[in-house]
Amino acid sequence: MAEAADFPGTSPSPARRLLRRTGALLAAAPLLAGLVQLTAAPSAQATGRTSAKAVSGSGTVAVGLDSLTPSVPSEDDTLTVSGTLTNKGKQTITEAHLDLVVGPEIDTRSGIDDAFRRTGYTPGSDGSEAGDEQKLPALTPGVAEAFSITVPVEDLDLGGAGVYQLGVKLSGETSAQPWEQVLGFQRTFLPWQPGEPDTTTRTTFLWPLVSDVQMTAQTGSNERQTPVFLDDGLTEDLSPGGRLEQLVALGKDLDVTWVIDPDLLASVDAMTETYEIQGENGATTPGRGQGVAKRWLADLQNAVAGKEVVALPFGDTDLASLAHNGTSVSGSLSHLKEATEVAASTVETIIHVKPSTDFAWPVNGAVDPSIVKVATSAGADTVIARSDSLQETGGLSYTPSAPRPIGGGTTAVVADARLSTAFQGDLTTASAGTLVVQRFLAQSLALNLQTDKQRSIVVAPQRMPSASQARTMAQALTALQGGTWNEPRPLTDTAAARPDPGATTTVPGASAYPKSLRRQELPRKAFEQIATTQVKLDNFEVILSDESRVVTPFGRAMNRAMSTSWRGHAVAAANYRDGVERYLDDLADQVSLIDKSETKLSGRSATIPVTVQNNLVQDVDRLVLRLTSTAPNRLEIGGEAYDEQPVAVSGGHSQSVKFTTSANANGRVTVIAQLFTEDGQAYGDPVTFDVKVTEITATVMLVIGGGVLLLVLAGFRMYTQRKRAAARDAEGSGPDGADESAEGPENPEGPEERLTVHTEETEESDTRSGAGEPEQPSDPTPDTAAENPDPSGTGERVDR
């Protein structure tokens, strides 16, 4: 009679649906009573056992819901539920049949959570059958059987707009329990919005493109500086079916806000040409992902065209780690500012879209005052938080809009925690994905039905969703954007929306920050090591002729060392930092002093050479070499305790620098050679060597004195001989003074007995002047000026 009262071609009214269900229950009451009487015959104990089995046995068969279409049905649709049945018991199930069960409406978001957590089948609470029963063949243990149930939506007897529980129930018998019982049950949710809603929810869905750190600081010595990667994992992610390939392929057809780590773009861009993979002991092997990298970048450029793009700081800086452990370390905040500044240019250069850098995204949207302060220190004015961190304290009966002014001109965009965390976990099976999609849609509709106020909601999923999670996200978002209660909006619009005056704007204190997240943070020693590396880089770059070859790769590597992706990977993070610092040390050591052995110094002065070697491919300058005597009273360098000289060395060459020394006493003196930068910072390791000083000895002085005496005696003899000869010449002259020597008696001594002494200088001068020839203007001057009072170097000729 109830059916006869309905008008043809129209759906039954809610009142008539209720009347129909009540009548069905009343009609079934006598039958149920008869069944109770029949089953009471064995014993009351058996009845109790049967009832218990009817409830607890609902886990004997695993019911997987692989698909539910349409996810958001309308009145004229036909609902199809498909999946698999797997008998997990040890006995074959006979007399099996399937029923679609429609439960009561769930009118709260917490009610959806409670239903999602419940397992097993509870008679009465899980609703009543809808549509025709579907009989099945016997279910063999361990064998999966496919099923599909189709029911017109009008046969579900749904009421007004809301979220309804929907279940698939398997009933059957076993040889050990030959009576009908529920052996398998799986519940999900059916969002129902007939007609146009009173209001819509403006939803912003963040679509993250973030990856693990891939590139090292190492580059090739060629002009292009071939990059070196930690591994070739990106090739797999970029290939068809890979995580990053799926995110781009799925996201291009969705109305989302892309959130991109510029480091990922820089890494893929580097892969489009020759690149190397880091191996053991410094060896590298060629990368193999050029083709997939080029295709992925081209696909991404097409996918983001005309879409909103938000750029994270380069390397996706871990803002919470920096706030809690890094701000007291000098220079840490400057790395965040640098990472933010380079982000926009990287994105725009590679994918030709100008991104927004106004947003900061702490891990899981967890915030405290220090995180907010650090997040905005580099120029961002909006922090993406999450509702399980910035929780409501005002007792609102509905979920407020996402934007909240939190003071200091900063806005917190609070993502909805239930919607944002819906896609976590293992979603590799179709059944798991279907359940997540329906739950997400149910929460979204329940949120919209809370009030007639229009609100702006943000969904911020996990940073690095897997390929299966990305597919589930896309499936849910496609269904949501096809629904009538949702209106997609970009993140900038949501951030600028009018805040709800009743929403909390108080940022939780540091004690409220989750301990599980704090345990994963980069420690203070990580930031200290990065600071040490930066100091070394500063000292190194000042001597380089082309500092960009070093500053750029190492600057980006230090940004990567602060990445959020290191959370949960403390050992790998430490190894990465060690690798960056070690490689910088290796480069700096390419400019060094060559070791010297002991040097012997004979005489009072000498020149000591010190060699600077440059094994880099570029020139170095702005270096100063200092040579220091540890005993200046014995050995002076440049007339002082030490001397300094500027140094410039071409790439791949060496340069010797000579220092003048003077000895004051015999003995061994330790000398230290050290390079410095122009600003006085020591560069590299010093070289220490000994100088053995041998001063002029007494024996040598005696020999020299004897030689001088011989010269004096020879000169005296020459003088006396000449005087005698002059006297004889005077006596033998005629009255007119003519020389009679030619005609007079023969000289008794003869010319051959005259003694002439040539000093070494005289011989050298005679040879150089051509034996009496006149000196020409072009003739070279003597190496050492006559009577030069300065000491000579070793091996130099000395004038006396």
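Residues numbered from 1 in each chain as written. Predicted model: local features only at pLDDT ≥ 70, side-chain atom pairs only at ≥ 80, totals over all residues. Heavy atoms only, no water.

Helix and strand counts for the protein stand at 21 helices and 29 strands. Expressed as a percentage of its 800 residues, the buried residues of the protein come to 44%. (Helix = DSSP H or I, 4+ residues; strand = E, 2+ residues; numbered from the N terminus. Buried < 20%, exposed > 50% of the residue type's maximum accessible area, 1.4 Å probe, protein only.)

One way to put it is that helix 7 (residues 262-271) packs onto helix 8 (residues 290-304) with a least axis distance of 8 Å and a crossing angle of 135°. Comparing the axis directions of helix 7 and helix 8 gives the class oblique. With respect to the hand of their crossing, helix 7 and helix 8 are arranged in left-handed fashion. Here Leu264, Leu265, Val268, Asp269 and Met271 of helix 7 come into contact with helix 8, specifically with Gln290, Ala293, Trp296, Leu297 and Leu300. Split by residue class, the contact of helix 7 with helix 8 holds eight nonpolar, one polar and one charged. (Axes fitted to C-alpha atoms, helices over the stretch in contact; angles between N-to-C directions. Parallel < 35°, antiparallel > 145°, perpendicular 65-115°, else oblique. Left-handed = near helix turned anticlockwise from the far one by under 90°. Contact = heavy atoms within 4.5 Å. Nonpolar A, V, L, I, M, F, W, Y, C, P; charged D, E, K, R; others polar.)

With that settled, the discussion passes to a nonpolar patch on the surface. A contiguous nonpolar surface patch, about 320 Å² in accessible area, is contributed by Leu709, Leu710 and Leu713. Tracing the backbone through its elements, the reader meets Leu713 in helix 20 (residues 698-731). Leu713 gets classed as partly exposed once you look at its relative accessible area, which sits at 49%. (Patch = residues over 30% accessible without salt bridge, like charges linked within 9 Å, V, L, I, M, F, W, Y side chains within 5 Å. Areas by Shrake-Rupley, 256 points an atom, 1.4 Å probe, with all protein chains shown as cover. Salt bridge = Lys/Arg side-chain N within 4 Å of Asp/Glu carboxyl O.)

When we look at a pair of aromatic rings, we describe it by the centre distance and by the angle of the planes. For the structure shown, the criterion picks out eight aromatic pairs. Each ring, one from Tyr121 and one from Phe185, has its centre 5.0 Å from the other, and the planes form 55°; the classification is tilted. In this pair, Tyr121 sits in the loop between helix 4 (109-117) and strand 4 (128-135) while Phe185 sits in strand 7 (residues 181-192), placing the two residues 64 residues apart along the sequence. Look at Phe185 and you get buried, because its relative accessible area is 8%. Connected via pairs of aromatic rings, a cluster forms that spans Phe205, Trp207, Phe423 and Phe440. In this structure, Arg626 is placed above the aromatic ring of Tyr642, and the distance from its NZ or CZ to the ring centre is 4.9 Å. (Phe/Tyr/Trp six-rings, centres within 6.5 Å; stacked < 30°, edge-to-face > 60°. Lys NZ or Arg CZ within 6 Å of the ring centre and 35° of its normal.)

Predicted confidence across the protein gives a mean pLDDT of 84, with 82% of residues reaching 70 or more. Per-residue pLDDT stays below 50 along residues 1-56; that stretch engages in 27 contacts with residues further than four places along the chain or on separate chains. Low pLDDT (under 50) marks residues 734-800, which in the prediction has 34 contacts with non-local residues, meaning those over four places away or in another chain. (pLDDT = per-residue confidence, 0-100.)

Right, let's talk about the side chain of Glu308 for a bit. Inspection of the secondary structure puts Glu308 in the loop between helix 8 and strand 14 (309-311). Although Glu308 is buried, it forms no salt bridge, and the closest oppositely charged side chain is Arg489 at an N-O distance of 10 Å. For Glu308, the side chain forms a polar contact with the main-chain nitrogen of Leu491, separated by 2.6 Å. For Glu308, the contacting residues outside a window of four places in its chain are Val256, Thr257, Trp258, Pro490, Leu491 and Thr492. (Lys, Arg positive; Asp, Glu negative; His and termini not counted. Polar contact = N/O pair within 3.5 Å; in protein donor to acceptor, adjacent residues only side chain to side chain.)

Moving on, we get to the nonpolar core. Grouped burial of nonpolar side chains is what soluble globular proteins tend to show. Of all hydrophobic cores here, the largest spans 79 residues; its most connected members are Phe540, Phe554 and Leu625. Sort the elements by how many residues they give to this core and helix 19 (residues 570-588) lands first, with seven residues. Excluding its chain neighbours within four sequence positions, the residues that come into contact with Leu625 are Leu593, Val610, Val612, Asp643, Glu644, Gln645, Val647, Val657, Phe659, Ala673, Gln674 and Leu675. The next biggest cluster of nonpolar side chains, apart from the first, holds 63 residues, and it includes Val248, Val256, Ala343 and Ala474. (Core = buried A, V, L, I, M, F, W, Y, C linked by side-chain atoms within 4.5 Å.)

Quick look at the sheet that holds strand 7 now. Sheet architecture is open: four strands sit in the order 4-3-6-7, paired in antiparallel fashion. For this open sheet the edge positions go to strand 4 and strand 7, each flanked by a neighbour on one side alone. Between one strand and the next, the sheet's axes are offset by a mean angle of 20°, whatever the strand orientation. As paired elements, strand 3 (residues 94-106) and strand 6 (residues 162-173) share nine bridges and run antiparallel to each other. Across the sheet, Asp99 pairs through a bridge with Lys169, a residue of strand 6. Where helix 13 (residues 430-448) meets the sheet, it contacts strand 6 and strand 7, and its direction lies at approximately 45° from that of strand 7. (Pairing = 2+ DSSP bridges.)

Okay, helix 14 (residues 467-482) next. For helix 14, built from 16 residues, the straight-helix expectation of 22 Å at 1.5 Å per residue is met to within 8% by its first-to-last C-alpha distance of 23 Å. In this structure, the buried side of helix 14 is in contact with strand 8 (201-209), helix 6 (243-251), helix 13 and strand 20 (486-488). (Expected span 1.5 Å × (residues − 1).)

This part takes up the pattern of salt bridges. A side chain with one charge can pair with a side chain of the opposite charge if their charged atoms come near. Going through the model one piece at a time under the given rule, you end up with 25 salt bridges. Asp232 is paired through a salt bridge with Arg288; the nearest N and O atoms lie 3.6 Å apart. With Asp232 in the loop between strand 10 (227-229) and helix 5 (233-238) and Arg288 in the loop between strand 13 (284-286) and helix 8, this pair connects stretches of sequence that are 56 residues apart. Residue Asp232 is classed as buried on the basis of its relative accessible area of 15%. The class of Arg288 is exposed, set by a relative accessible area of 63%. One salt-bridge network, held together by shared partners, links Asp113, Arg418 and Arg439.

Across a sheet, strands are paired by hydrogen bonds formed along the backbone, either parallel or antiparallel in direction. What the four strands build is an open sheet, ordered 21-23-27-25; its pairing is antiparallel. Lying at the two open borders of the sheet, with one neighbouring strand each, are strand 21 (591-593) and strand 25 (635-637). If you compare each strand with its neighbour and ignore which way they point, the axes differ by 35° on average. Where strand 25 and strand 27 (residues 653-663) come together, three bridges link them in antiparallel fashion.

The grouping of Glu75, Asp76, Asp132, Glu154 and Asp155 at the surface amounts to a negative patch. With respect to the secondary-structure elements, Asp155 resides in the loop between strand 5 (144-152) and strand 6. The class for Asp155 is partly exposed, based on a relative accessible area of 36%. (Charge placed at Lys NZ, Arg CZ, Asp CG, Glu CD.)

Here the focus is helix 10 (residues 332-351). End to end, helix 10 covers 29 Å across 20 residues, agreeing with the expected 28 Å (1.5 Å per residue, within 8%). The sharpest bend along helix 10 reaches about 25° and sits at Val342. Among the residues of helix 10, Ser332, His335, Leu336, Ala339, Thr340, Val342, Ala343, Thr346, Val347, Ile350 and Ile351 are the ones counted as buried. Among the residues trailing helix 10, His352 stands out with phi positive, at a value near 60°. (Bend = angle between axes of the 7 residues up to and from the residue.)

Moving on: the environment of Thr429. With respect to the secondary-structure elements, Thr429 resides in the loop between helix 12 (417-420) and helix 13. Residue class for Thr429 comes out partly exposed when judged on its relative accessible area of 45%. When the C-alpha atoms of Thr429 and Ser468 are compared, they prove to be 8.3 Å apart, with 39 residues separating the residues in sequence.

Next up on the list: the pairing of strand 2 (residues 78-87). In this structure, strand 1 (residues 61-69) lies alongside strand 2, joined through eight bridges in antiparallel fashion. Across the sheet, the residue bridging to Val63 is Leu85, located in strand 2. Where strand 2 meets strand 5, nine bridges bridge the pair, whose relative direction is antiparallel. Paired with Val81 across the strands is Ile149, a residue of strand 5.

This part covers unusual backbone geometry. The peptide bond linking Thr69 to Pro70 adopts the cis configuration, its omega dihedral lying at -10°. If you trace the backbone, Pro70 turns up in the loop between strand 1 and strand 2. Even without a glycine there, the phi angle at His352 is positive, about 60°. With respect to the secondary-structure elements, His352 resides in the loop between helix 10 and strand 15 (359-360).

The axes of two packed helices give the description: the angle between them and the distance between them. With their axes 9 Å apart at the nearest point, helix 6 and helix 8 run at an angle of 30° to one another. When the interaxial angle is binned, helix 6 and helix 8 end up roughly parallel. Of the two possible hands of crossing, helix 6 and helix 8 adopt the one that is left-handed. Along the contact surface, helix 6 presents Leu244, Glu245 and Val248, while helix 8 presents Trp296, Asp299, Leu300 and Ala303. Of the residues belonging to the contact of helix 6 with helix 8, the class tally is five nonpolar, no polar and two charged.

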